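# Examining the three-dimensional arrangement
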Amino acid sequence: MRGTNNLAKLTAADFLVRTAYQMGKTPLLPLMAASLGADAFFLGMIVSVSTLTGMGFKPLFGLLSDRWGRWFWLLGGTLLFAGMPFLYQWIENPGELLLLRLVHGLATAIYGPVTLAWVAEQGSSNIAERLGWFGIGRSGGYLIGHPAAAALLTFMDPVSVFTVTGLLSITALLPVIMLRSVKNPSVLVQMPLGRQFREALKTGLSLPEFWFAGTLECVVFLGIYAMKAFLPLLALEAGIAILWVGIFFSLQELTHILMRPLGGRLGDRYGHLLLGASGMLLAAFALGLLPFTRDAFGLLQISLIFGVAQALIFPSTVALFTKRINPRHTGSGAGLLGSMKNLGKVAGPVMGGWMVHTHEMSWMLWSMSSLLALTGLSLLMFTPTGKKTIVETGG
């Protein structure tokens with residue numbers, strides 16, 4: 001019961017700060033950058049720099065939470081989420097906005113590994129299902145944040161909307177403070193920091209499960225973020241109204257939210273690697289269908305497939321790795337995994353753009369689909385630990 005209460009508090013805090021943070025991204029951030037005179041290239045840098053921050057700093061903050069405890073860093077991340085939005089009112093040029101986004105991104109770099117490690121430590125069984133329930137908060141933020149910001153922008157200026165996101169983030173302090181008495185991790189790392197860093201890196205990178213889970217997350221985000229970047233253009237080419245693209249992403253995320261707990265439970269029962277790789281194959285199938293889509297109905301059917309695929313992949317990838325790593329390095333391990341995910345988020349649009357520039361849209365989507373399919377099949381058929389890995393990670 002206590003573990004369930006802790007999970008609910010963590011999920012509530014994550015939902016509040018993620019909703020506020022997503023409100024500060026699209027369409028709010030590009031509009032503010034453009035109003036400050038940012039050109040297309042610099043606007044792209046402003047939008048992506050927070051993801052680069054996460055890729056670089058997630059392992060560090062995860063490691064420090066192994067050393068000083070989860071709550072200290074959870075509080076620090078919440079304070080960053082709550083405080084940074086109030087600074088946007090003093091931004092006067094694109095360079096200042098880029099720097100502020102760089103610092104603001106530290107909040108997500110803290111929250112990612114710290115919350116995932118804390119959830120994983122709530123018990124040795126049903127890890128993927130627990131992560132599935134927790135992921136509802138994060139995915140709910142993606143679902144609500146963008147339309148909420150768009151609605152506010154109809155009668156507020158961008159700076160005022162950022163202020164609203166700060167006020168929303170402040171409310172996350174309540175569930176975080178309620179977690180103060182919870183001791184996590186159970187054994188804090190006491191060794192010198194340099195030795196801890198080397199041991200955590202060696203422990204994480206030497207685990208086959210890290211490369212299985214990290215490869216799954218990196219490759220699937222390559223495909224998803226390439227698709228996100230270019231789906232509007234594909235829809236316009238097919239004569240599909242751009243409104244349906246927005247509905248596509250909302251339906252995809254809603255399906256993902258509703259199916260996550262079931263996906264996690266199936267991973268706990270049948271094997272995390274098996275479910276993750278199966279989800280990868282399903283996502284590859286969906287990507288491959290996109291070039292054949294000629295109407296909104298077909299587009300929405302594919303969004304449902306994508307949502308189910310994500311629900312199969314993401315709870316199981318984290319559980320696959322955190323169940324194997326030494327408990328002293330759970331935070332740093334979650335950070336390493338988060339860096340792999342961010343690498344896919346950054347590289348996906350870049351690779352997709354290069355493919356579209358040198359070939360065409362359909363070729364890019366089929367190439368990404370093939371990459372996902374080959375990765376999923378390889379993890380199922382050519383893993384060094386074979387059947388043992390699949391069975392044991394099922395708990």
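Please refer to the structure placed before this passage.
The notes below deal with the structure included here. What you see is a predicted model, and the numbers here were worked out from it, not measured in a lab.

### Quick word on the overall build of the protein
Across its full length, the protein holds 16 helices and zero strands. Taking 21 Å as the expected radius of gyration for a compact globule of 395 residues, we find that the protein reaches 20 Å, a close match to that expectation. In terms of overall dimensions, the protein has C-alpha extents of about 55 × 50 × 40 Å along its principal axes. Looking at the 395 residues of the protein, the share that counts as buried comes to 54%. Across the protein, contacts joining residues at least 24 apart in sequence account for 86% of those joining residues at least 6 apart. Distance between charge centres in the protein, computed from 27 positive and 17 negative side chains, equals 12 Å.

### Points about the packing of helix 14 (residues 330-358) against helix 15 (residues 361-381)
A pair of packed helices can be characterised by two numbers: the angle between their axes and the separation between those axes. As a packed pair, helix 14 and helix 15 sit with axes 8 Å apart at the nearest point and diverge in direction by 135°. For the element pair helix 14 / helix 15, the angle class is oblique. Here helix 14 runs over helix 15; the crossing is right-handed. Residues Gly348, Met351, Gly352, Met355 and Val356 of helix 14 pack against Met361, Trp363, Met364, Ser367 and Met368 of helix 15. Along the lines of polarity and charge, the residues of the contact of helix 14 with helix 15 split into seven nonpolar, three polar and no charged.

### Quick word on the environment of lysine 345
Here lysine 345 lies in helix 14. Overall, lysine 345 belongs to the buried group, its relative accessible area being 15%. For lysine 345 and phenylalanine 57, which are 288 residues apart along the polypeptide, the C-alpha to C-alpha distance reads 15 Å. Setting aside residues no more than four positions away along its own chain, lysine 345 makes contact with Thr51, Tyr142, Phe221 and Tyr225.

### Notes on helix 7 (residues 158-170)
Over its 13 residues, helix 7 runs 19 Å from end to end, which matches the ideal 18 Å to within 8%, given 1.5 Å per residue. Those residues of helix 7 not exposed but buried are Val161, Phe162, Thr165, Gly166 and Ser169. Down the axis of helix 7, the sector holding all buried residues measures 150°, keeping them to one side. The N-terminus of helix 7 is capped by aspartate 157, whose side-chain oxygen sits 3.1 Å from the backbone nitrogen of valine 159.

### Brief notes about the packing of helix 10 (residues 208-238) against helix 13 (residues 296-322)
Contact pair helix 10 / helix 13: the axes reach a minimum separation of 10 Å and the direction vectors enclose 155°. For the element pair helix 10 / helix 13, the angle class is roughly antiparallel. Between helix 10 and helix 13 the crossing geometry is left-handed. Facing helix 10, whose interface residues are Glu209, Phe210, Phe212, Ala213, Leu216, Glu217, Val220, Phe221, Ile224, Met227 and Leu231, helix 13 presents Leu299, Phe306, Gln310, Ile313, Phe314, Thr317, Val318, Leu320 and Phe321. Broken down by class, the residue content of the contact of helix 10 with helix 13 amounts to 16 nonpolar, two polar and two charged.

### Concerning the nonpolar core
Counting 78 residues, the largest nonpolar core has Val220, Leu290 and Phe306 as its most contacted members. What phenylalanine 306 contacts, discounting residues up to four positions off in sequence, is Ile224, Met227, Phe248, Gln252, Ala283, Ala286, Leu287 and Leu290. Counting residues in hydrophobic clusters, the runner-up holds 19 residues, among them Ile46, Met84, Leu98 and Val161.

### As for the pattern of salt bridges
Under the counting rule described, the total for this entry stands at three salt bridges. Where aspartate 14 meets arginine 18, a salt bridge forms, and the shortest distance between an N and an O atom there is 3.4 Å. Linking aspartate 14 with arginine 18, this pair stays in helix 1 (residues 2-23), spanning four residues, or about one helical turn. For the pair shown, aspartate 14 and arginine 18 are each scored as buried. The salt bridge partner of glutamate 129 is arginine 265, with a shortest N-O separation of 2.8 Å. Remark: arginine 265 occurs in helix 11 (residues 242-270) and glutamate 129 occurs in helix 6 (residues 127-152); sequence separation between them is 136 residues.

### Description of the side chain of arginine 101
Of note, arginine 101 is situated in helix 5 (residues 94-120). Buried charge arginine 101 goes without a salt bridge, the closest partner of opposite sign being glutamate 96 at 14 Å. In terms of polar contacts, arginine 101 uses its side chain to reach the side chain of tyrosine 88, at 3.0 Å.

### A short note on the environment of tryptophan 73
Within the fold, tryptophan 73 resides in helix 4 (residues 70-83). Given the relative accessible area of 12%, tryptophan 73 is considered buried. On a C-alpha basis, the gap between tryptophan 73 and tyrosine 111 in space is 7.9 Å, while along the polypeptide they are 38 residues apart.

### Focus on helix 5
With 27 residues, helix 5 ought to run about 39 Å at 1.5 Å a step, and its terminal C-alpha atoms sit 39 Å apart, in line with that. For helix 5, a buried count of 21 out of 27 residues is recorded, marking the element as mostly surrounded by other parts of the structure. If you check the start of helix 5, you find a side-chain oxygen 3.1 Å away from the backbone N of glycine 95, and it comes from asparagine 93.

### Topic: a nonpolar patch on the surface
On the surface, Phe197, Leu201, Leu205 and Trp211 cluster together to form a nonpolar patch covering roughly 360 Å² of accessible area. The leading source of residues in the nonpolar patch is helix 9 (residues 193-205), at three residues. You can see leucine 205 is positioned in helix 9.

### Here we look at the packing of aromatic side chains
Summed over the entire model, instances satisfying the criterion amount to 14 aromatic pairs. Here the aromatic rings of phenylalanine 61 and tryptophan 73 are separated by 5.4 Å at their centres, their planes lie at 50°, and the arrangement is tilted. In this pair, phenylalanine 61 is assigned in helix 3 (residues 40-68) and tryptophan 73 in helix 4, connecting sequence segments 12 residues apart. We note that phenylalanine 61, like tryptophan 73, is buried. When the ring centre of phenylalanine 221 is taken as origin, the NZ or CZ atom of lysine 345, which lies over that ring, is 5.3 Å away.

Scoring rules and cut-offs
- Residues numbered from 1 in each chain as written.
- Predicted model: local features only at pLDDT ≥ 70, side-chain atom pairs only at ≥ 80, totals over all residues.
- Heavy atoms only, no water.
- Helix = DSSP H or I, 4+ residues; strand = E, 2+ residues; numbered from the N terminus.
- Rg over C-alpha atoms; globule rule 2.2 N^0.38 Å.
- Buried < 20%, exposed > 50% of the residue type's maximum accessible area, 1.4 Å probe, protein only.
- Contact = heavy atoms within 4.5 Å.
- Lys, Arg positive; Asp, Glu negative; His and termini not counted.
- Charge placed at Lys NZ, Arg CZ, Asp CG, Glu CD.
- Axes fitted to C-alpha atoms, helices over the stretch in contact; angles between N-to-C directions.
- Parallel < 35°, antiparallel > 145°, perpendicular 65-115°, else oblique.
- Left-handed = near helix turned anticlockwise from the far one by under 90°.
- Nonpolar A, V, L, I, M, F, W, Y, C, P; charged D, E, K, R; others polar.
- Expected span 1.5 Å × (residues − 1).
- Arc of directions from axis to C-beta.
- Polar contact = N/O pair within 3.5 Å; in protein donor to acceptor, adjacent residues only side chain to side chain.
- Core = buried A, V, L, I, M, F, W, Y, C linked by side-chain atoms within 4.5 Å.
- Salt bridge = Lys/Arg side-chain N within 4 Å of Asp/Glu carboxyl O.
- Patch = residues over 30% accessible without salt bridge, like charges linked within 9 Å, V, L, I, M, F, W, Y side chains within 5 Å.
- Areas by Shrake-Rupley, 256 points an atom, 1.4 Å probe, with all protein chains shown as cover.
- Phe/Tyr/Trp six-rings, centres within 6.5 Å; stacked < 30°, edge-to-face > 60°.
- Lys NZ or Arg CZ within 6 Å of the ring centre and 35° of its normal.

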